[in-house]
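Residue-level listing of the chains:
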Amino acid sequence: MATNANKELLEALNQIEKEKDISKEILLEAIENSLLAACKNQYGKADNIKVNVNRETGAFNVYAEKEIVAEAEDVEDELLQITLAEAKLKFPRKKLAVGDIINIEVTPKNFGRIAAQKAKQVVVQKIREEERKALYNQYFTKERDIVTGIVQRYQGNNVCINLGKVDAILTENEQIRGEYFRPTERVKLYVLKVEDTTRGPRITVSRTHPELVKRLFEAEVTEVKDGTVEIKSISREAGARTKMAVYSYDPNVDAVGACVGINGARVNAIVEELRGEKIDIINWSDDPATLIENALSPAKVVSVEVAADEKSARVIVPDYQLSLAIGREGQNARLAAKLTGYKIDIKSESQVGGYYEEQWDDGQYDDGQYEEYDDDYQDGYEDGYSDDYADEYSDEYSDDYADDYQDDTDGNQE
């Protein structure tokens, strides 16, 4: 029989369905399951017990499925069996026979109070679960994308950042070296990972990932967002410099110019967001030699010799451009290696030898001549630049992010 409490429960479930977007049917099924567990405690087992909540009135009923047997001496378990005579007394209008299964109501007298308590517990728990699930689904869709957060506080060396309905953790490893945040400051972040936990989604974000720069350009540059211009490859040393190779699918659109913007407006907006990090934008080329030459920008290149099978290249630059091509502490060479996926060996013209410098100027250099240059230059080069710079950037080029971008670049070259 329905009571005011039952009606109030249905009204509450209807309200929750509207406000929390949690299905009323899901809540009712959860209530039935919790009541079934309560019945198990009372009867010792619940294999043949069914709990039903009337969807119209909210009334609770408990039923036991029992098998009809012929005589009392055939009853082995009163919870599971009933005699034919007893069954006919309970259901005089039904045609019953031995072996039939019938549902007999066994609702306890105090079941209404128990049901109310269980229903309250279940509804509260279900609301928390559904809200946690909804939060997880909302932010899971933002994985590998950028979000804007508000700095809350420092937790040791980590930064707690509010993303609206949930907080994210910016770990020390994902922070740009030397970058400091003030409370309430707005900052753009790249969502690395969203994990579902009992306390809600755990979100890990980054300020150092190369994809952060890529996503910022997608948001700032219309041509990148609509696919006219594609960012083919990107390499980054967070806080210092980023190199990015772009390609335009429209011959009337300059890929580099679109990313730079009028008077550098577009790229400057991203540089400001990254707090002064330098960004080099170059044209992508399917020809490895051209791509490597572009990647070493702003240095001028005399020649590039590519060994595609070994994924390596030998580059010759003018003497006065050697330090620029290598960059401070080998940075320019490292970034070019990450960007192209090639191990790059840089030499100056004087290291090759005066004779071959003239050959380059006259355009008469042939493959194979390079290997014959004077041993003195070779030894001097290998003892000098090779130890200081080449080993450094070739080792660093195999870091976590470079591998991802090398795979992408290899696919594009193929």
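Use the structure listed above.
Residues numbered from 1 in each chain as written. Predicted model: local features only at pLDDT ≥ 70, side-chain atom pairs only at ≥ 80, totals over all residues. Heavy atoms only, no water.

### Here we look at the sheet that holds strand S15 (residues 343–348)
Sheet architecture is open: three strands sit in the order S13-S14-S15, paired in mixed fashion. The open sheet is flanked by strand S13 (303–307) and S15, the only strands paired with a single partner. The mean inter-strand angle of the sheet, taken between neighbouring strand axes irrespective of direction, is 15°. As judged from the six bridges shared by strand S14 (residues 312–317) and S15, these two strands associate in the parallel manner. The residue of S15 that forms the bridge with Ile316 is Lys347. Sheet contacts for helix H9 (residues 288–295): S13, S14 and S15; angle to S13, the most-contacted strand, approximately 130°. (Pairing = 2+ DSSP bridges. Helix = DSSP H or I, 4+ residues; strand = E, 2+ residues; numbered from the N terminus. Axes fitted to C-alpha atoms, helices over the stretch in contact; angles between N-to-C directions. Contact = heavy atoms within 4.5 Å.)

### Points about the pattern of salt bridges
Tallying each qualifying case throughout the model produces 19 salt bridges. Arg275 serves as the salt-bridge partner of Glu185, at 2.4 Å between the closest nitrogen and oxygen. Of the two residues, Glu185 is situated in the loop between strand S7 (167–170) and strand S8 (186–197) and Arg275 in the loop between helix H8 (265–273) and strand S12 (278–283); the sequence distance between them amounts to 90 residues. Its salt-bridge partner being Glu223, residue Arg266 comes within 2.8 Å of it at the nearest N-O pair. Within this pair, whereas Arg266 is found in helix H8, its partner Glu223 is found in helix H6 (residues 222–225), the two being separated by 43 residues in sequence. Since its relative accessible area comes to 21%, Glu223 is described here as partly exposed. Through salt bridges with shared partners, one network takes in Glu179, Glu185, Arg207, Glu273 and Arg275. (Salt bridge = Lys/Arg side-chain N within 4 Å of Asp/Glu carboxyl O. Buried < 20%, exposed > 50% of the residue type's maximum accessible area, 1.4 Å probe, protein only.)

### Description of the nonpolar core
The tendency in soluble globular proteins is for nonpolar side chains to be buried side by side. Within the largest apolar cluster, 24 residues are counted, with the highest numbers of intra-cluster contacts made by Phe217, Met244, Val246, Cys259, Ile279 and Ile281. When residues no more than four places from it in sequence are discounted, the contact partners of Val246 are Val229, Glu230, Ile231, Lys232, Ala255, Val256, Cys259, Ile281, Ile282, Asn283 and Trp284. Judged by nonpolar contacts, the second largest core, of 23 residues, contains Val304, Val317, Leu322 and Ala333. (Core = buried A, V, L, I, M, F, W, Y, C linked by side-chain atoms within 4.5 Å.)

None of the figures reported here should be taken as evidence of function without further support.
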